[in-house]
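Chain by chain, the residues:
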Amino acid sequence: MSHAAAPLPDLPSSLRAERQDVLALLRLARPQKRNALDDGTVRGIEAFFTQLPEDVKAVVLSGEGEHFSAGLDLAELTRRDISESIEHSRMWHRAFEAVEFGRVPVVSVLHGAVVGGGLELAAATHVRVAERSAYYALPEGSRGIFVGGGGSVRLPPLIGVARMMDMMLTGRTLSAEEGQAIGLSQYLVDDGAGLAKALELAERIAGNAPFTNFAVTHMLPRIAASDAAAGFAAEALTAAIAQGEEEAKKRLKAFLEKRGPKVVRG
């Protein structure tokens, strides 16, 4: 049932946002530029994810037009000294960290170009739905630059250092099927079906216990990156907090009384 929804943050014209009950949809809206990411768009992404209303439970991120994002708007490659370039990269880091470690899980819809900074943005989302038109590339090597939006941190755990080296050194482009096989996406659907699939997944995610969603998006990646002893300790603490939540007690009681859903093969 729909309810009075809190308004979303004001955004630049390069981004469009809307509410669907407890979901928020954010679209990259520069189709004439293949949704290339300029500074205003990146700052708008940070503002959106840091100012989400409390009643939003999940976000779907997509791109208007034929492409998700062709990456950094090369018109932004102005003359900067080293310290200015470091600060520029840190601005991208803050924005994409607001996606990865924000308040709610994020499902992205990938189609057409998912290139350079566009791939870095996609890697910051939690669940990635690719359409068959999607293709992936890291052309920084041929342009004499290096990833600056967190790709060197987020992509190796997904695809491995060697694959990322190959993409950057050779300019290799991966198809949607190749990206699915190596972990760039978790779901692969026909062209035009990505948004519906992402909304279905986001609705399912929004129905989870809030602390569990927090634990999965905030604790799991940090546990996975830690040493085993620290990981076991953090897992035990996180599991204890989750089980102590009133929401968890209510859901477990419903399951034991055969009022809750059972796991079945999908």
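See above for the structure.
Predicted, not measured: the structure shown is a model, and the values here were computed from it.

Engineer: Explanation requested: the sheet that holds strand β7 (residues 135-137) in the structure shown.
Structural biologist: Hydrogen bonds between backbone groups are what pair the strands of a sheet, and the pairing can be parallel or antiparallel. Taking strand neighbours across the sheet as the criterion, the three strands line up as β5-β7-β8 in an open arrangement whose pairing is mixed. Each end of this open sheet is capped by a strand with a single partner; those strands are β5 (113-115) and β8 (174-175). Strand direction decides the pairing type here: β7 and β8, joined by two bridges, are antiparallel. Following the sheet pairing, Tyr135 is matched in β8 by Ser175.

Engineer: In this structure, what is going on with the packing of helix α1 (residues 39-50) against helix α2 (residues 82-100)? I would like to understand it.
Structural biologist: Relative placement of two packed helices is described by the angle separating their axes and the distance separating the axes. It is at 8 Å that the axes of α1 and α2 come closest, and there the two elements cross at 35°. You can see that α1 and α2 cross each other, and the crossing is left-handed. Taking contact as the criterion, the partners of Asp39, Val42, Arg43, Ile45, Glu46, Phe49 and Thr50 in α1 are, on α2, His88, Met91, Trp92, Arg94, Ala95, Ala98 and Val99. Of the residues assigned to the contact of α1 with α2, the class counts are eight nonpolar, two polar and four charged.

Engineer: Just checking my understanding: could you explain the environment of Thr41 for this structure?
Structural biologist: With respect to the helices and strands, the residue Thr41 is situated in helix α1. Along the primary structure Thr41 and Pro12 are separated by 29 residues, whereas in three dimensions their C-alpha atoms are 6.8 Å apart. The residues contacting Thr41, other than those within four sequence positions of it, are Ser14, Leu15, Leu28 and Arg30. Polar contacts involving the side chain of Thr41 include one to the side chain of Ser14, which spans 2.7 Å.

Engineer: Mind showing me how you'd approach the pattern of salt bridges here?
Structural biologist: When charged atoms on two side chains of opposite charge get close, those side chains can pair. Per the stated rule, a full pass over the model turns up 14 salt bridges. Linking Glu100 and Arg154 is a salt bridge whose minimum nitrogen-to-oxygen distance equals 2.5 Å. In this pair, Glu100 is assigned in helix α2 and Arg154 in helix α5 (residues 151-159), connecting sequence segments 54 residues apart. Both residues of the pair, Glu100 and Arg154, belong to the buried class.

Engineer: Explanation requested: the side chain of Glu120 in the structure shown.
Structural biologist: One can find Glu120 in helix α3 (residues 117-123). Of the polar contacts made by the side chain of Glu120, one reaches the backbone nitrogen of Gly149; its length is 2.7 Å. Once you skip the residues sitting within four places of it in the chain, Glu120 turns out to touch Phe96, Val147, Gly148, Gly149, Gly150 and Gly151.

Rules behind the numbers
Residues numbered from 1 in each chain as written. Predicted model: local features only at pLDDT ≥ 70, side-chain atom pairs only at ≥ 80, totals over all residues. Heavy atoms only, no water. Pairing = 2+ DSSP bridges. Helix = DSSP H or I, 4+ residues; strand = E, 2+ residues; numbered from the N terminus. Axes fitted to C-alpha atoms, helices over the stretch in contact; angles between N-to-C directions. Left-handed = near helix turned anticlockwise from the far one by under 90°. Contact = heavy atoms within 4.5 Å. Nonpolar A, V, L, I, M, F, W, Y, C, P; charged D, E, K, R; others polar. Polar contact = N/O pair within 3.5 Å; in protein donor to acceptor, adjacent residues only side chain to side chain. Salt bridge = Lys/Arg side-chain N within 4 Å of Asp/Glu carboxyl O. Buried < 20%, exposed > 50% of the residue type's maximum accessible area, 1.4 Å probe, protein only.

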